[in-house]
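# Coordinate analysis (summary)
Single-letter residue listing:
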Amino acid sequence: MPRKRSRDEDDELLTRLGTLTAQARERAELQRSQVELAIALQRGMLPRDLPRATGLHLAVRYAPATFGLNVGGDWYDAFTLPDGRIGLSIGDVQGHNIEAAAFMGQVRAGLRALASVTGEPGDLLARTNDLLLSLGSDLFATCTFMRLDPATGVLESARAGHIPCVWATADGKSGVVDDEGGPPLGVAQGVEYPVTRHRLTTGGMFVLLTDGVVEGPSLTVEEGLDQVVRLAGIAAVAGLEAHALAAAVIKGAESVGHEDDAAVLVVGLDGMHA
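Computed from a predicted structure; not experimentally measured.

Two numbers describe how helix α2 (residues 98-115) lies on helix α3 (residues 121-135): the axes approach to 10 Å, and their chain directions differ by 135°. In terms of orientation, α2 and α3 fall into the oblique class. At the point where α2 passes α3, the crossing takes the right-handed sense. Residues Phe 103, Gln 106, Val 107, Gly 110, Leu 111, Leu 114 and Ala 115 of α2 pack against Leu 124, Leu 125, Arg 127, Thr 128, Leu 131, Leu 132 and Leu 135 of α3. Looking at the contact of α2 with α3 residue by residue, the class counts come to 10 nonpolar, three polar and one charged.

This part is about the sheet that holds strand β10 (residues 262-269). The five strands are arranged β1-β10-β9-β6-β7 in an open sheet whose pairing can be described as antiparallel. The open sheet terminates on both sides in strands that have one partner only, identified here as β1 (56-63) and β7 (174-176). Each strand axis lies, on average, 15° off the axis of its neighbour in the sheet, ignoring direction. Taken together, the three bridges between strand β6 (residues 166-168) and strand β9 (residues 205-209) define a ladder with antiparallel strand orientation. Note that in β9 the partner of Trp 167 across the bridge is Phe 206. Packing against the sheet, helix α5 (residues 242-252) makes contact with β1, β9 and β10, and its axis sits at approximately 25° to β1.

Let's shift gears to the packing of aromatic side chains. By the definition in use, this model includes two aromatic pairs. Ring centres 6.3 Å apart and planes at 40° place the aromatic pair Phe 79 and Phe 145 in the tilted group. Here the residue Phe 79 occupies a position in strand β2 (residues 75-80), and Phe 145 occupies one in strand β4 (residues 141-148), the gap between them amounting to 66 residues. The same class applies to Phe 79 as to Phe 145, namely buried.

By size, the foremost hydrophobic cluster in this structure holds 25 residues, and its most contacted members are Val 207, Leu 209, Val 213, Val 214, Leu 245, Val 264 and Val 266. Considering every element that reaches this core, the biggest residue donor is helix α4 (residues 221-238), with seven residues. Setting aside residues up to four positions removed in sequence, Val 266 forms contacts with His 57, Leu 58, Ala 59, Met 205, Phe 206, Val 207, Ala 242, Leu 245 and Ala 246. Counting 24 residues, the second-largest nonpolar core is a separate cluster that includes Leu 81, Val 93, Met 104 and Leu 139.

Spatial ordering of the open sheet is given by β2-β3-β4-β5-β8, a layout of five strands whose pairing is antiparallel. The open sheet has two edge strands with one neighbour each: β2 and β8 (196-199). Mean inter-strand twist for the sheet, computed between neighbouring axes without regard to direction, equals 20°. The strands that α2 touches are β2, β3 (86-93) and β4; relative to β2, the one it contacts most, it runs at about 20°. Where α3 meets the sheet, its contacts fall on β4 and β5 (154-160), and the angle it forms with β5 comes to roughly 30°.

Compared with an ideal rise of 1.5 Å per residue, which puts 18 residues at 26 Å, α4 spans 26 Å between its outermost C-alpha atoms and is within 8% of the ideal. Those residues of α4 lying buried are Val 221, Gly 224, Leu 225, Val 228, Val 229, Ala 232, Gly 233, Ala 235 and Ala 236. Where α4 is buried, its residues contact β6, β7, β9 and α5. Residue Gly 239 follows α4 closely and has a positive phi angle near 70°.

Cut-offs used in this document
- Residues numbered from 1 in each chain as written.
- Predicted model: local features only at pLDDT ≥ 70, side-chain atom pairs only at ≥ 80, totals over all residues.
- Heavy atoms only, no water.
- Axes fitted to C-alpha atoms, helices over the stretch in contact; angles between N-to-C directions.
- Helix = DSSP H or I, 4+ residues; strand = E, 2+ residues; numbered from the N terminus.
- Parallel < 35°, antiparallel > 145°, perpendicular 65-115°, else oblique.
- Left-handed = near helix turned anticlockwise from the far one by under 90°.
- Contact = heavy atoms within 4.5 Å.
- Nonpolar A, V, L, I, M, F, W, Y, C, P; charged D, E, K, R; others polar.
- Pairing = 2+ DSSP bridges.
- Phe/Tyr/Trp six-rings, centres within 6.5 Å; stacked < 30°, edge-to-face > 60°.
- Buried < 20%, exposed > 50% of the residue type's maximum accessible area, 1.4 Å probe, protein only.
- Core = buried A, V, L, I, M, F, W, Y, C linked by side-chain atoms within 4.5 Å.
- Expected span 1.5 Å × (residues − 1).

Structure follows, in structure tokens:
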């Protein structure tokens with residue numbers, strides 16, 4: 001026959017349950033505050049305005065993770081270089097916390113500052129890599145940096161451990177950029193980053209993105225990139241605006257199967273219409 005609990009035992013049990021509930025509520029509130037702070041850091045460090053040039057079309061979409069502490073350090077940037085060309089960067093810091101978001105700001109600021117000294121993509125990534133190593137952080141970042149001449153469409157690109165970008169032309173061709181690349185920033189000293197030259201033709205597009213857009217439990221990176229290739233090819237042939245393609249690509253990030261940061265930067269030249 002089961003023993004009947006006393007009133008004191010019931011009171012003790014209720015007290016324990018109340019304590020556990022209060023602790024769980026405090027942890028949830030702390031987690032929510034950390035996520036909000038990380039998101040605020042990210043948004044505060046992203047560019048508010050994009051550069052303008054005749055015939056140039058830039059469009060961005062950014063979706064911070066909102067589940068748990070998955071907020072990390074994805075970023076994009078676009079700015080005018082001293083020689084009038086356009087610098088474009090996109091990247092992802094290892095980790096998903098406030099530290100990663102803060103480190104992202106250091107990487108982005110370092111790229112911008114060093115771009116005033118050299119806009120050559122390979123040299124710029126090498127200098128940024130050395131700068132990050134001098135900070136002594138345990139974090140690292142993947143990144144793609146491009147230098148675009150809007151007058152000629154010549155686009156020079158260097159990649160540091162980041163996923164490749166996607167291209168499409170108005171005549172129906174599209175694919176994933178095939179370049180050598182180098183290791184992530186902040187990993188090893190004295191690294192060289194090869195530069196690949198492309199030409200952005202009239203009506204063509206380049207899509208820079210982070211892995212949160214194309215990779216997850218429900219989608220391999222190859223499948224995700226193929227999805228973006230199809231979208232870019234359709235958009236270029238149909239003459240859609242860069243904004244429309246960016247919106248479609250970020251929407252596709254919902255199929256990767258996890259909550260992660262996602263960033264998209266679309267670059268195009270004249271030839272597009274609504």
